[in-house]
Amino acid sequence: MVLKTDSGPQVFKVYCRDNKAPGGVISRELIKETVHEDANEYKKLANISFTKEGGIFSYDNMVSDLHVDPLPYCLEAQRLFDLYQNCIGRRQPETLLENYVDSMQAVKIARQIRARGLRSQKNAA
């Protein structure tokens, strides 16, 4: 995000980074990073967390900022999390890929290629 000021453009990045939390809790910090010439400035805007046991998504410790409102970011994180909850599970794509790779075993592929080659030769004759 670039903000034009009297002293020139000011560049901000807003993102989540890992936050240490007790077991069973996934926690992130919403961060505003202000890009400066020599060193960047970091400001924590909110905590975003998910408690695995209760299945509770939450955000708290929101800090007001002159340029960035943390609430829309927290709401978007919740919307994306809700969307993720309705998608296929993490194991399902792995199973699909494993089955696909298994179906590509060299022996099976060689048989298919040989069978296609025989069909091509019959069609050519």
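All of the points below concern the structure found in this document.

Rules used throughout
Residues numbered from 1 in each chain as written. Predicted model: local features only at pLDDT ≥ 70, side-chain atom pairs only at ≥ 80, totals over all residues. Heavy atoms only, no water. Salt bridge = Lys/Arg side-chain N within 4 Å of Asp/Glu carboxyl O. Helix = DSSP H or I, 4+ residues; strand = E, 2+ residues; numbered from the N terminus. Pairing = 2+ DSSP bridges.

### Thoughts on the pattern of salt bridges
(1) Moving on: What the rule picks out here adds up to seven salt bridges.
(2) Moving on: In this structure, R28 engages D18 in a salt bridge whose closest nitrogen and oxygen atoms are separated by 3.1 Å. Pair noted here: R28 is in strand 3 (residues 25-35) and D18 is in strand 2 (residues 8-18), with a separation of 10 residues, a long-range link.

### A few points about the pairing of strand 1 (residues 2-5)
(1) Moving on: Alignment of strand 1 against strand 2, held across four bridges, turns out to be antiparallel. Paired with T5 across the two strands is G8, which belongs to strand 2.
(2) Moving on: Counting the residues in the hairpin turn of strand 1 and strand 2 gives two residues.

### Considerations on the pairing of strand 4 (residues 41-51)
If a strand is regular, its side chains alternate between the two faces of the sheet.
(1) Moving on: Sheet analysis places strand 3 next to strand 4, joined by 10 bridges and oriented antiparallel. Residue pairing for strand 4: I31 is matched across the bridge by K44.
(2) Moving on: Counting the residues between successive antiparallel strands, the hairpin from strand 3 to strand 4 contains five residues.
(3) Moving on: Inspection of the sheet shows strand 4 paired to strand 5 (residues 56-60) by five bridges, in the antiparallel sense. Of the residues in strand 5, the one forming a bridge with S49 is S58.

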